[in-house]
Amino acid sequence: AQTVTQSQPEMSVQEAETVTLSCTYDTSENNYYLFWYKQPPSRQMILVIRQEAYKQQNATENRFSVNFQKAAKSFSLKISDSQLGDTAMYFCAFMKPPIQGAQKLVFGQGTRLTINP
Amino acid sequence: DARVTQTPRHKVTEMGQEVTMRCQPILGHNTVFWYRQTMMQGLELLAYFRNRAPLDDSGMPKDRFSAEMPDATLATLKIQPSEPRDSAVYFCASGFFSFLAGGNTIYFGEGSWLTVV
């Protein structure tokens, strides 16, 4: 079974700084998808960024980028120029590719990120 | 702006009462998930459906929980009888997946906050 591990329960940085959240996963699959979801205090789960394992290029969405190291099974999230609105719980998640009955997200434990003014 | 809609947003009920949570997935999505989030267990997959058929409900306590999709626009999660340990945020999520077309993104509703006293 796949597992996802986020080793940093909490992190705190100053506004405008860059912060990196760590995630490692365990799988025997060669093709899969990785995600970062953001959960602000409202509890809404918001997709931040998505990476397909067969793509070597790291995904980027505005201030958010990932460092995907497939051999190391590592998928870290970098937030540049952090903003107060980035304060949230961040979840790393894994999903197998679309074959019958396989599409379910496996989540890490989450990292609580606080951006201080 | 397509979104997954959940009702109720908040529910407080007494132990032993029946609770029904409803979800309207995004139009056109063929896969619906129910997740539960607690402090202790994090995000757990309870059940999911493909084209309204249950694919996996192994995460759901069968004696008191049931999940159905009466039609493509409605998914329900029922707890009967409810217990204090069922207090959690219940998320519905949906996505479109097919073996040929692929698909790799799951969108979450805002969650139903359940408190059983």
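Predicted model only: the values in this text are computed from it and were never measured.

Novice: Would you take a moment to explain the overall build of chain A for this structure?
Specialist: Within chain A one finds zero helices and twelve strands. Put simply, chain A runs from its N terminus to its C terminus through helices and strands in the order β-β-β-β-β-β-β-β-β-β-β-β. For a compact globule of 117 residues, the expected C-alpha radius of gyration is about 13 Å, and chain A comes in at 14 Å, within 12% of that figure. Its C-alpha atoms give chain A principal-axis dimensions of roughly 45 × 30 × 20 Å. Per element, the accessible surface of chain A, about 5600 Å² overall, is 45% carbon and sulfur. Across chain A, 11 positive and 9 negative side-chain charges occur, with their mean positions spaced 8 Å apart.

Novice: Which parts of the structure should I look at to understand the interface of chain B and chain A?
Specialist: A common way to express how large an interface is: the accessible area buried when the components associate. Listed by partner, the interface residues are 23 residues for chain B and 22 residues for chain A. Contact between chain B and chain A buries roughly 2000 Å² in total, counting both sides, with carbon and sulfur atoms accounting for 55%. Contact with chain A buries surface across chain B, with Leu43, Asn104 and Phe108 of chain B losing the most and accounting together for 28% of the total. For the pair chain B and chain A, the number of links is zero salt bridges. In this structure, the connection of chain B to chain A is made through six residue pairs in polar contact (both at pLDDT 80 or more).

Novice: Can you help me understand the nonpolar core in this one?
Specialist: One recurring pattern in soluble globular proteins is that nonpolar side chains are buried together. Residue and element names in this part refer to chain A. Ranked by internal contacts, the top residues of the largest apolar core, which has 25 residues, are Tyr25, Trp36, Phe75, Leu77 and Tyr90. Where this core is concerned, the elements lending two or more residues are β3 (19–21), β5 (33–39), β6 (46–52), β8 (64–69), β9 (74–79), β10 (88–95) and β12 (111–116). Counting residues per element, this core draws most heavily on β10, which supplies four residues. Not counting the four nearest positions on each side in its chain, tyrosine 90 is found in contact with Gln6, Leu21, Trp36, Tyr37, Lys38, Val48, Phe64, Leu77, Ile79, Gly110, Thr111 and Leu113.

Novice: Help me understand the state of the cysteines in this model?
Specialist: Two cysteines joined by a covalent bond between their sulfur atoms form a disulfide. All names here are of chain A. According to the stated counting rule, one finds two disulfides over all chains in the structure shown. Between cysteine 23 and cysteine 92 runs a disulfide, and the two sulfur atoms are separated by 2.0 Å. Here cysteine 23 and cysteine 92 share a disulfide; its torsion about the S-S bond, -70 degrees, makes the bridge left-handed. Taken together, the positions of cysteine 23 in the loop between β3 and β4 (24–26) and cysteine 92 in strand β10 put the pair 69 residues apart, joining distant regions of the chain.

Novice: Is there a simple way to think about unusual backbone geometry in this case?
Specialist: One can expect most non-glycine residues to show negative phi and most peptide bonds to be in trans. The step from threonine 7 of chain B to proline 8 of chain B runs through a cis peptide bond, and the omega angle for that step is -10 degrees. Structurally, the position occupied by proline 8 of chain B is in the loop between β1 (5–7) and β2 (10–13). For the peptide bond that leads from glutamine 80 of chain B to proline 81 of chain B, omega is -5 degrees, which places it in the cis range. Along the chain, proline 81 of chain B turns up in the loop between β8 (74–79) and β9 (88–95). You will see that lysine 73 of chain A, though not glycine, has its phi angle at about 55 degrees, which is positive. By secondary structure assignment, the location of lysine 73 of chain A is in the loop between β8 and β9. If you check the backbone angles, arginine 52 of chain B has positive phi at about 75 degrees while not being a glycine. Relative to the assigned elements, arginine 52 of chain B resides in the loop between β5 (42–50) and β6 (53–56). Its relative accessible area of 41% is what places arginine 52 of chain B among the partly exposed residues.

Parameters and conventions
Residues numbered from 1 in each chain as written. Chains lettered and ligands numbered in written order. Predicted model: local features only at pLDDT ≥ 70, side-chain atom pairs only at ≥ 80, totals over all residues. Heavy atoms only, no water. Helix = DSSP H or I, 4+ residues; strand = E, 2+ residues; numbered from the N terminus. Rg over C-alpha atoms; globule rule 2.2 N^0.38 Å. Areas by Shrake-Rupley, 256 points an atom, 1.4 Å probe, with all protein chains shown as cover. Lys, Arg positive; Asp, Glu negative; His and termini not counted. Charge placed at Lys NZ, Arg CZ, Asp CG, Glu CD. Contact = heavy atoms within 4.5 Å. Buried area = accessible area lost by both parts, 1.4 Å probe. Salt bridge = Lys/Arg side-chain N within 4 Å of Asp/Glu carboxyl O. Polar contact = N/O pair within 3.5 Å; in protein donor to acceptor, adjacent residues only side chain to side chain. Core = buried A, V, L, I, M, F, W, Y, C linked by side-chain atoms within 4.5 Å. Buried < 20%, exposed > 50% of the residue type's maximum accessible area, 1.4 Å probe, protein only. Disulfide = S-S within 2.5 Å.

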